[in-house]
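Take a look at the letters that make up each chain.
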Amino acid sequence: MNIHEYQAKGILSGFGVTVQRGKVVENAADAVKAAQELTDETGTGWYVVKAQIHAGGRGKGTVQETGSRGVVLAKGIDKVEETVKGILGGTLVTLQTGEKGKKVNKVLIAEDVYYPGDSEPEEFYMSVLMNRATGKNMIMYSTEGGMDIETVAEETPHLIFKEEIDPALGLQPFQARKVAFNLGLSGQAFKEMTKFVAALYQAYVSSDSSMFEINPVLKTSDDKILAVDAKVTLDGNALYRHKDYAEMRDESEEDPTEVEAGKVGLNYVKLDGNVGCMVNGAGLAMATMDMIKLLGFEPANFLDVGGTADAKRVEQAFRIILKDPNVKAILVNIFGGIVRCDRVAQGVVDAYKNMGEINVPIIVRLQGTNAEEAKKIIDESGLKVMSAIALKEAAEKVQEALS
Ligand code: GDP
Ligand code: MN
């Protein structure tokens, strides 16, 4: 589950990670108040106004209605209101949002942390994630902060460092020191960085996150280390352990069909193809998508209906799949192990009748307990539903339906 920058910073600072201070607001008047309340420790009198959307690249992104960037420095408190008005309520398009962009419902008013001092501020990149190949956690970091990390990986891969952490042992102090050293730090900044890395790793583990990305991590001109940006992806499967994080979900940022499917307990992920899939079991659903790809078509979705494929559930699934106007055929692929195929077939027929006319061809492949009876129910229903028992047969019928 993705969350907003301001929420991510809240989680981080709860674990002792130092972050750029700020306050989230939903209107311009509150923004001015927020700026007044942010005691100006840095002395520049400037503030940063940051659009809160579930996508990065905001600094270089454009608000369609006003031409403003998604992250803007307001040079003085009297500029805060005007700056906020250029962002809030607008549609922000960045490299990560797609051309449709995302509506900005909230902005973060943050202190300006790039103040002048004894040394230049320096930006770094840091992320924490799991390396599936080694089964270890990994801190990925780079001296090239503030830039798109994919570009750094492509053009200057030698500037990206990786530190693997055995989850049973946890982060060792020498590893935190190695990170600070490789980032070229010394003195106070070195010490601050080791503390930052240790707190960040602890936060990652304790919050059951699947990814942290802090870009940039800033070394201020007086050698503090701060998270200026924060992208946190929480593990949705661990949310039952963190009720307070579950409340951070912002459904307005998610695909509306996926939200609706989630509410009725269907495991649905929208994709870009045109063959809708209704399958029981995640593994079979993946195999079904592979088969569609092998035929040269693209799946329109992943959908695992789970164990109970009765008429009500099948209907819910059909309705979700058909919300997508790209769907040109639906392949139902159910293996009857515990569920009986004839009951599923009856469910398909009942759901179909209940929904009235469905304008795309439906191919139903039922295999397992009572598969023959199931095929009979489909074939004798008089509906425009094609049945199959073998997967190959089903595939051929999909092909037929689409050509
Ligand atoms: P992103 O573009 O979505 O990744 O948003 P970021 O939070 O990373 O902000 C974009 C850029 O704004 C950063 O890389 C910084 O260069 C700049 N920025 C962020 N905070 C401040 C600040 O306090 N002062 C100044 N001068 N620039 C800032
Ligand atoms: Mn960033």
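Everything below is about the structure shown above.
Residues numbered from 1 in each chain as written. Chains lettered and ligands numbered in written order. Predicted model: local features only at pLDDT ≥ 70, side-chain atom pairs only at ≥ 80, totals over all residues. Heavy atoms only, no water.

Enquirer: How would you explain the coordination of the manganese ion (ligand 2) if you had to name every residue and give the values?
Expert: Each pair of donors in an ideal four-coordinate tetrahedral metal site encloses 109.5 degrees, whereas pairs in an ideal six-coordinate octahedral site enclose 90 or 180 degrees. In this structure, Asn 215 (O) and Asp 229 (OD) serve as the protein donors to the manganese ion (ligand 2), at separations of 2.2 Å. Here Asp 229 lies in the loop between β12 (225-227) and β13 (231-234) and Asn 215 lies in strand β11 (residues 209-219), a separation of 14 residues in the sequence. Judged by relative accessible area, which is 14%, Asn 215 ranks as buried. (Donors = N, O, S within 2.8 Å, 3.2 Å for Na, K, Ca; no water. Helix = DSSP H or I, 4+ residues; strand = E, 2+ residues; numbered from the N terminus. Buried < 20%, exposed > 50% of the residue type's maximum accessible area, 1.4 Å probe, protein only.)

Enquirer: Provide a residue-level description of the side chain of Asp 342, including the pertinent values.
Expert: Mapped onto the secondary structure, Asp 342 falls in helix α11 (residues 341-355). For Asp 342, a relative accessible area of 15% translates into the label buried. Among the polar contacts made by the side chain of Asp 342, one reaches the side chain of Arg 340 at a distance of 3.0 Å. Among residues more than four places away in sequence, those in contact with Asp 342 are Thr 369, Asn 370, Glu 373, Ala 374 and Ile 377. (Polar contact = N/O pair within 3.5 Å; in protein donor to acceptor, adjacent residues only side chain to side chain. Contact = heavy atoms within 4.5 Å.)

Enquirer: So, the packing of α11 against helix α12 (residues 371-379): which residues are in play, and what are the values?
Expert: Two elements in contact, α11 and α12, have axes separated by 7 Å at closest approach and are oriented at 15 degrees. For the element pair α11 / α12, the angle class is roughly parallel. In this structure, α11 crosses over α12, and the sense of that crossing is right-handed. Residues Cys 341, Asp 342, Ala 345, Gln 346, Val 348 and Val 349 of α11 lie in contact with α12, whose contacting residues are Ala 371, Glu 373, Ala 374, Ile 377 and Ile 378. (Axes fitted to C-alpha atoms, helices over the stretch in contact; angles between N-to-C directions. Parallel < 35°, antiparallel > 145°, perpendicular 65-115°, else oblique. Left-handed = near helix turned anticlockwise from the far one by under 90°.)

Enquirer: An account of the packing of aromatic side chains is requested, with residue identities and associated values reported.
Expert: Scanning all chains against the criterion turns up two aromatic pairs. Residues Tyr 141 and Phe 161 carry aromatic rings whose centres are separated by 5.2 Å and whose planes lie at 25 degrees to one another, so their mutual orientation is stacked. Within this pair, whereas Tyr 141 is found in strand β9 (residues 136-142), its partner Phe 161 is found in strand β10 (residues 160-165), the two being separated by 20 residues in sequence. The exposure class assigned to Phe 161 is partly exposed, which follows from its relative accessible area of 25%. Residues Tyr 204 and Phe 212 carry aromatic rings whose centres are separated by 5.6 Å and whose planes lie at 85 degrees to one another, so their mutual orientation is edge-to-face. (Phe/Tyr/Trp six-rings, centres within 6.5 Å; stacked < 30°, edge-to-face > 60°.)

Enquirer: Please set out the sheet that holds strand β7 (residues 107-111) residue by residue, giving values where relevant.
Expert: Taking strand neighbours across the sheet as the criterion, the four strands line up as β1-β7-β2-β4 in an open arrangement whose pairing is antiparallel. What marks the edges here is a single partner per strand, and that holds for β1 (22-25) and β4 (71-74). Going from strand to strand, the sheet's axes swing by 20 degrees on average, the running direction of each strand aside. Examined bridge by bridge, strand β2 (residues 47-51) and β4 share four bridges and lie antiparallel to one another. The partner of Val 49 across the bridge, within β4, is Val 72. Sitting on the sheet, helix α2 (residues 28-37) touches β1, β2 and β7, and the angle it makes with β1 is about 170 degrees. Packing of helix α3 (residues 80-87) onto the sheet brings it into contact with β2, β4 and β7, and relative to β2 it is tilted by some 15 degrees. (Pairing = 2+ DSSP bridges.)

Enquirer: Provide a residue-level description of the pattern of salt bridges, including the pertinent values.
Expert: Under the definition given, this model contains 24 salt bridges. Taking the shortest distance from any N to any O, the salt bridge between Lys 33 and Asp 30 comes out at 3.5 Å. On the criterion of helical spacing, the pair formed by Lys 33 and Asp 30 is a turn pair, its members being three residues apart in helix α2. Assessed through its relative accessible area of 30%, Asp 30 is described here as partly exposed. Where Glu 393 meets Lys 397, a salt bridge forms, and the shortest distance between an N and an O atom there is 3.7 Å. (Salt bridge = Lys/Arg side-chain N within 4 Å of Asp/Glu carboxyl O.)

Purely geometric stuff here, so don't read any function into it on its own.
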